[in-house]
There are 2 protein chains.
Amino acid sequence: MKTLPAKTVERLSEYRRTLMECLKENKNYIFSHNLAARLHITAVQVRRDLMLIGYTSVLRKGYDVKVLIETISRIIDSEQGMNVAIIGIGNLGRALAAYFKGKRSKLNLIASFDNDPQKINKVISGVKCYPYHDLEKTIKELDIEVAILTVPADFAREIAEETVRYGIKGILNFTTVPLNVPSGVYLEEYDMITSIEKVAYFVKENKL
Amino acid sequence: MKTLPAKTVERLSEYRRTLMECLKENKNYIFSHNLAARLHITAVQVRRDLMLIGYTSVLRKGYDVKVLIETISRIIDSEQGMNVAIIGIGNLGRALAAYFKGKRSKLNLIASFDNDPQKINKVISGVKCYPYHDLEKTIKELDIEVAILTVPADFAREIAEETVRYGIKGILNFTTVPLNVPSGVYLEEYDMITSIEKVAYFVKENKL
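Computed from a predicted model, the values in this text were never measured in an experiment.

## Digging into the relation of the copies chain A and chain B
- For the pair chain A and chain B, the best superposition has an RMSD of 0.0 Å and corresponds to a rotation of 180 degrees with a translation of 0.0 Å parallel to the axis. What the superposition gives is, in effect, a two-fold axis relating one chain to the other. When each C-alpha of chain A is compared by its distance to the rotation axis, A:Asn91 comes out closest, at 2.4 Å.

Laid out in structure tokens, this is it:
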């Protein structure tokens, strides 16, 4: 199968999250329009995405929730799992660790890094914290492929470059500093201020 | 001017952030392709967005950075400013407050809310914390229009409904619970797990 567009992967992830909620509510079947409504998108979009991953077994009572979760997982997860580290375990790093830890079976949050002696070698939000000077050794020994970057802005570029040098293949950047990565490394950046500015803009426009 | 598409607003916010960095580096002019390169998009996209907001004054030496910042600000900011509150001041709330406080002149992070007696009436990450039972009074007195939601998942729906009832017009939802808001209220949701899954997917695909 061809690599999917980024937006499709995002939606597949959201479908799975929503389907997992359905299971918790003991809903075993769901129609495309119900799945769509929960995510504020159209049923056409849902059906198009699922066709793209070859899922067509629509039943009279809707999609089989468990089967659809498995299908999506087979597409977006890495079969043997993938190890993730949080780099910089301040307030944001801790919040992300607590939120993420144990939520996805194929993504193992296996380490965090910091330079604060109070944190090093402690288990914080369920994850062991390693010192920056062991970045190379730890990334290699623990086979870490994805880094969540939550360091102070001043260190962002330097630390990102180091992680890539030591073998990191994907970075989720939460710092305010836009990064450049070599080809072969996937970079996803999130700037919270952009989200807030977007909300503020539409609040303003709705008032006009 | 017509309300802009959400994606354009996002990019305008990113252009402004990048232009503000240029000023810090004493760069007073920038070409569209340089601005584009910093954001990993095309120059055509930059020029199209700026034409959409009526900005055409391209000089031989590129865009005038200060003028472009002012133009974007006039479009996306609310002239009289807008008050913002963080609801739930745990690790994530504190991280967002520290990150956001004072970063944008037209968005005033004016309050936080929590139910922990240790936090109430204290100033945390530069913002005064109010109790949930004063939500209505405080939202109205301080004229808060935007809420950043960082409460535990179990409270998300209930608190979101309350804030809307008391006059909140825009919500940025960082909880794992998808929300429904009445029309006239703008909702933006961010799910970190989707971002990580996206990174992991492309790391996996790059290895194939």
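## Concerning the interface of chain A and chain B
- Taken residue by residue, the interface counts 67 residues in chain A and 67 residues in chain B.
- Taking both sides of the interface into account, the surface hidden between chain A and chain B amounts to around 6200 Å²; carbon and sulfur atoms contribute 64%.
- Interface area lost by chain A to chain B is led by A:Tyr99, A:Glu197 and A:Lys198, which between them contribute 11%.
- Salt-bridge contacts for A:Glu188 lead to B:Lys198; the nearest nitrogen and oxygen are separated by 3.1 Å.
- At the junction of chain A and chain B, the tally comes to 28 residue pairs in polar contact (both at pLDDT 80 or more).
- Looking at the side of chain A that touches chain B, the elements that each hand over two or more residues are α1 (6-24), α4 (65-76), α5 (91-100), β7 (144-149), β8 (170-173), β9 (186-189) and α8 (192-207) of chain A.
- Per-element accounting of the side of chain A that touches chain B gives the leading share, 16 residues, to α8(A).

## Concerning the packing of α5(A) against helix α5 (residues 91-100) of chain B
- Packing of α5(A) against α5(B) leaves a shortest axis separation of 8 Å and a crossing angle of 145 degrees. Crossing of α5(A) over α5(B) shows left-handed handedness. Residue-level inspection shows A:Asn91, A:Leu92, A:Arg94 and A:Ala95 of α5(A) in contact with α5(B), the latter providing B:Asn91, B:Leu92, B:Arg94 and B:Ala95.
- Of the residues assigned to the contact of α5(A) with α5(B), the class counts are four nonpolar, two polar and two charged.

## Considering the nonpolar core
- A:Tyr15, A:Leu19, A:Leu50, A:Phe174, B:Tyr15, B:Leu19 and B:Leu50 are the most contacted members of the largest nonpolar core, which has 100 residues in total.
- Those residues in contact with B:Leu50, other than ones at most four positions away along the chain, are B:Leu12, B:Tyr15, B:Tyr55, B:Tyr63 and B:Leu68.

## Some details on the domain arrangement of chain A
- Per the domain assignment, the segments making up chain A are domain 1 (6-74) and domain 2 (82-193).
- Taken over C-alpha atoms, the centre of domain 1 of chain A sits 30 Å from the centre of domain 2 of chain A.

## Focus on the pattern of salt bridges
- Under the defined criterion, the tally for this structure stands at 26 salt bridges over all chains.
- Here A:Glu197 makes a salt bridge to B:Arg16, at a shortest N to O gap of 2.6 Å. One end of the pair, A:Glu197, is in helix α8; the other, B:Arg16, is in helix α1 (residues 6-24), on a second chain.
- In this structure A:Glu197 comes out as buried when scored by relative accessible area, which is 3%.
- With relative accessibility at 3%, the residue B:Arg16 sits in the buried group.
- Three or more residues joined by partner-sharing salt bridges are found here, namely A:Lys7, A:Glu10, A:Glu188 and B:Lys198.

## Notes on the sheet that holds strand β5 (residues 123-124) of chain B
Residue and element names in this part refer to chain B.
- One open sheet accounts for seven strands, arranged β5-β6-β4-β3-β7-β8-β9; its pairing is mixed. Two strands lie at the open edges of the sheet, namely β5 and β9 (186-189), each paired on one side alone.
- Pairing of β5 with strand β6 (residues 127-131), which is carried by two bridges, proceeds in the antiparallel orientation. Residue pairing for β6: valine 123 is matched across the bridge by lysine 128.
- Against the sheet, α5 contacts β3 (82-87), β4 (107-114), β5, β6 and β7 (144-149), and its axis sits at roughly 155 degrees relative to β3.

## What to know about the sheet that holds β7(A)
Residue and element names in this part refer to chain A.
- Strands sit in the order β5-β6-β4-β3-β7-β8-β9 across an open sheet of seven strands; the sheet is mixed. The sheet is open, and its two edges are formed by β5 (123-124) and β9, each paired on a single side.
- Relative to β7, strand β3 (residues 82-87) runs parallel, the two being bridged by five bridges. Bridging from a neighbouring strand, alanine 85 pairs with alanine 147 of β7.

Thresholds applied
Residues numbered from 1 in each chain as written. Chains lettered and ligands numbered in written order. Predicted model: local features only at pLDDT ≥ 70, side-chain atom pairs only at ≥ 80, totals over all residues. Heavy atoms only, no water. Least-squares fit on C-alpha atoms with pLDDT ≥ 70 in both. Contact = heavy atoms within 4.5 Å. Buried area = accessible area lost by both parts, 1.4 Å probe. Salt bridge = Lys/Arg side-chain N within 4 Å of Asp/Glu carboxyl O. Polar contact = N/O pair within 3.5 Å; in protein donor to acceptor, adjacent residues only side chain to side chain. Helix = DSSP H or I, 4+ residues; strand = E, 2+ residues; numbered from the N terminus. Axes fitted to C-alpha atoms, helices over the stretch in contact; angles between N-to-C directions. Left-handed = near helix turned anticlockwise from the far one by under 90°. Nonpolar A, V, L, I, M, F, W, Y, C, P; charged D, E, K, R; others polar. Core = buried A, V, L, I, M, F, W, Y, C linked by side-chain atoms within 4.5 Å. Buried < 20%, exposed > 50% of the residue type's maximum accessible area, 1.4 Å probe, protein only. Domains from an automatic or database assignment. Pairing = 2+ DSSP bridges.

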